[in-house]
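Topology and contacts: notes
The primary structure of each chain is shown beneath.
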Amino acid sequence: MIYILTGAIRSGKTTALLHWFKNRNDVDGVLCPDDANGKRYFLKLKNKTIFKLEAEAETEAIVAIGNFKFLRSAFNEANDYLILEASKTEPKYLIIDEIGKLELKNEGLHVSTKALISQFKSNDNTHLILVVRDYLLDAVLEHYGITECSILTTEDLENLI
């Protein structure tokens, strides 16, 4: 089953997921919260490992979108982690935060998103949660060929069992 958590920019999607998964042991994936300085990083949920996402120097291999410069290596690590964890542990819920403009250009978390959508699409026992900004929802559905999914808001999270 595929769930899409959608909402406006800075509407609390990632924060809601952080609170929702806190006392659960059946959730894995990656979240992309901001640190105290407003810099984005990746958080591997199962082992609570964090790794840097935003580039600090122009010399690093980057992927740029708007004013943001992200480390290509961070996306590679996140993609590898998502695919590996989905294949070995079969969490009840796997979260990919977030699917946006980079993924629509086949960059960022595209590799894992594409692979995992087909894996989770026909499985009723495991659930993929994709975080998507509201204004990109239709484009993401079309890009990934998602025809069946449940659209969630942050308020809907508490109803997931």
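You'll find the structure just up there.
About the criteria used
- Residues numbered from 1 in each chain as written.
- Predicted model: local features only at pLDDT ≥ 70, side-chain atom pairs only at ≥ 80, totals over all residues.
- Heavy atoms only, no water.
- Helix = DSSP H or I, 4+ residues; strand = E, 2+ residues; numbered from the N terminus.
- Rg over C-alpha atoms; globule rule 2.2 N^0.38 Å.
- Contact = heavy atoms within 4.5 Å.
- Areas by Shrake-Rupley, 256 points an atom, 1.4 Å probe, with all protein chains shown as cover.
- Lys, Arg positive; Asp, Glu negative; His and termini not counted.
- Charge placed at Lys NZ, Arg CZ, Asp CG, Glu CD.
- Expected span 1.5 Å × (residues − 1).
- Buried < 20%, exposed > 50% of the residue type's maximum accessible area, 1.4 Å probe, protein only.
- Arc of directions from axis to C-beta.
- Salt bridge = Lys/Arg side-chain N within 4 Å of Asp/Glu carboxyl O.

Each helix and strand counted, the protein has five helices and nine strands in total. Order of helices (α) and strands (β) in the protein, N terminus to C terminus: β-α-β-β-β-β-β-α-β-α-α-β-α-β. Radius of gyration (C-alpha) of the protein: 15 Å, near the 15 Å computed for a compact globule of 161 residues. Principal axes of the C-alpha set define a box for the protein whose edges measure 45 × 35 × 30 Å. Considering only intrachain contacts with a sequence separation of at least 6, the fraction spanning at least 24 residues in the protein is 63%. With the model as given, the accessible surface of the protein reaches about 8400 Å², and the carbon-plus-sulfur share is 48%. Each charge class in the protein can be summarised by its mean position, and for the 19 positive and 24 negative side chains these summaries are 3 Å apart.

Right, let's get into helix α4 (residues 110–121). Between its first and last C-alpha, α4 extends 16 Å over twelve residues, near the 16 Å set by a 1.5 Å rise per residue. Taken as a whole, α4 has its buried residues at H110, S112, T113, L116, I117 and F120. Summarising the axial view, the buried residues of α4 lie within an arc of 150°, below the 170-degree limit, and thus occupy one face. Exposed residues lying more than 90 degrees from the buried face of α4 are V111 and K114. Contacts from the buried residues of α4 go to β1 (2–7), α2 (72–88), β7 (93–99), α3 (101–104), β8 (127–133) and α5 (137–143).

What follows deals with α2. Along an α-helix, a turn takes 3.6 residues, which lines up residues three or four apart on a common side. In this model, α2 (17 residues) spans 25 Å end to end at C-alpha, consistent with the 24 Å of a helix rising 1.5 Å per residue. Of all the residues in α2, the buried ones are A74, F75, A78, N79, Y81, L82, E85 and A86. One face of α2 carries all of its buried residues, which in axial projection span an arc of 165°. Residues of α2 that are exposed and point over 90 degrees away from its buried face: D80, S87 and K88.

All told, the structure shown has eight salt bridges when counted by the stated rule. In this structure, the salt-bridge partner of E56 is K52, at a minimum N-O distance of 4.0 Å. By relative accessible area, E56 is classed as exposed at 67%. Under the relative-accessibility criterion, K52 is labelled partly exposed at 39%.

Let's shift gears to the environment of L5. Checked against the element boundaries, L5 lands in strand β1. Residues L5 and L157 lie 152 residues apart in sequence; the distance between their C-alpha atoms is 8.5 Å.

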